[in-house]
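Listed below, chain by chain, are the residues.
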Amino acid sequence: MTDSNWERLDALDHKIVDKLARDARISNRAIAAELGVTEGTIRTRIKRLQNEGLIQFTVVTDFRMAGSPNLCMLGIDADPSRVAELAERLRQMPELSCVILMLGRFNLLAMGLFTNIEQLNELVTEQIRSLPGVQKVQTAISVHNLKYEPGVAKITQLVEAEQED
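Residues numbered from 1 in each chain as written. Predicted model: local features only at pLDDT ≥ 70, side-chain atom pairs only at ≥ 80, totals over all residues. Heavy atoms only, no water.

**Student:** Would you explain the overall build of the protein chain in this entry?
**Tutor:** Each helix and strand in the protein chain was counted, giving seven helices and four strands. Along its sequence from the N terminus, the protein chain presents helices and strands in the succession α-α-α-α-β-α-β-β-α-β-α. Considering the protein chain as a whole, with its 165 residues, one finds that 31% of them fall into the buried category. By element, 50% of the accessible surface of the protein chain is carried by carbon and sulfur atoms, the whole surface being about 11,000 Å². (Helix = DSSP H or I, 4+ residues; strand = E, 2+ residues; numbered from the N terminus. Buried < 20%, exposed > 50% of the residue type's maximum accessible area, 1.4 Å probe, protein only. Areas by Shrake-Rupley, 256 points an atom, 1.4 Å probe, with all protein chains shown as cover.)

**Student:** Would you explain the side chain of Asp-77 in this entry?
**Tutor:** Structurally, the position occupied by Asp-77 is in strand β1 (residues 70–78). No salt bridge is formed by the buried Asp-77, whose closest oppositely charged neighbour, Lys-136, lies at an N-O distance of 4.9 Å. Those residues in contact with Asp-77 that lie beyond four places of it in its chain are Arg-105, Phe-106, Asn-107, Gly-133, Val-134, Gln-135 and Lys-136. (Lys, Arg positive; Asp, Glu negative; His and termini not counted. Salt bridge = Lys/Arg side-chain N within 4 Å of Asp/Glu carboxyl O. Contact = heavy atoms within 4.5 Å.)

**Student:** What's the story with the packing of helix α2 (residues 11–22) against helix α3 (residues 28–35) in this structure? I'm lost.
**Tutor:** Describing two packed helices takes the angle between their axes plus the distance from one axis to the other. The N-to-C vectors of α2 and α3 enclose an angle of 130°; their axes lie 11 Å apart at closest approach. Taken as axis vectors, α2 and α3 run oblique relative to one another. Crossing angle aside, the handedness with which α2 passes α3 is right-handed. Contact residues: α2 offers Leu-12, Lys-15, Ile-16, Lys-19 and Leu-20, while α3 offers Ile-31, Glu-34 and Leu-35. (Axes fitted to C-alpha atoms, helices over the stretch in contact; angles between N-to-C directions. Parallel < 35°, antiparallel > 145°, perpendicular 65-115°, else oblique. Left-handed = near helix turned anticlockwise from the far one by under 90°.)

**Student:** In this structure, what is going on with the nonpolar core? I would like to understand it.
**Tutor:** The tendency in soluble globular proteins is for nonpolar side chains to be buried as a group. Counting 20 residues, the largest nonpolar core has Leu-74, Ile-76, Leu-90 and Ile-128 as the members making the most contacts within it. Among the elements of the structure, β1, α5 (83–91), β3 (108–114), α6 (117–128) and β4 (134–141) are those that each provide at least two residues to this core. With near-sequence residues (within four places) excluded, Ile-128 lies in contact with Leu-74, Ile-76, Leu-90, Met-93, Leu-123, Val-134 and Val-137. (Core = buried A, V, L, I, M, F, W, Y, C linked by side-chain atoms within 4.5 Å.)

**Student:** Can you walk me through α6 in this structure?
**Tutor:** Each turn of an α-helix holds 3.6 residues, which means side chains three or four residues apart point in the same direction. For α6, spanning 12 residues, the distance from its first C-alpha to its last is 15 Å, which sits close to the expected 16 Å at 1.5 Å a residue. Along α6, the positions that sit buried rather than exposed are Leu-120, Leu-123, Val-124 and Ile-128. Projection of α6 onto a plane perpendicular to its axis shows the buried side chains occupying an angular sector of 90°, all on one side. Counted as exposed and oriented over 90 degrees from the buried face of α6: Glu-118 and Glu-126. Tucked inside the fold, the buried residues of α6 contact β1, α5, β3 and β4. (Expected span 1.5 Å × (residues − 1). Arc of directions from axis to C-beta.)

Below is the structure:
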């Protein structure tokens, strides 16, 4: 969510997003009761946020459900003039679950779950390195995950800061 989209939301929208970020299974009725508005208001607001692409609902599974995969990270150095194009090409690869534009060591960081090294090697050598503008790909493979927080991308910090005011 960009700053302009976030600023466009009113206080009630922010509170609804905060409730859903903490527990997406909470009922519209429960949110309405906690916020002192009607269930219809909550339903309408959630539908608008979804239609505008500002929120979405998904099931976050533990990556171990995929059969003992390893989380693999790919740091990609790219020609700066091709980064946006590369990011889009990477985003379209079903093997990758995360593509991030970076400042720092790499231009792009991509992540995916792989059950064997051959899968990862094939993706890197046959699909990614051959893309125009890719200069270098460095892989890192997790060997033991000490902490995995699926909700790391929850957007709650701004809402919490506003509540302190």
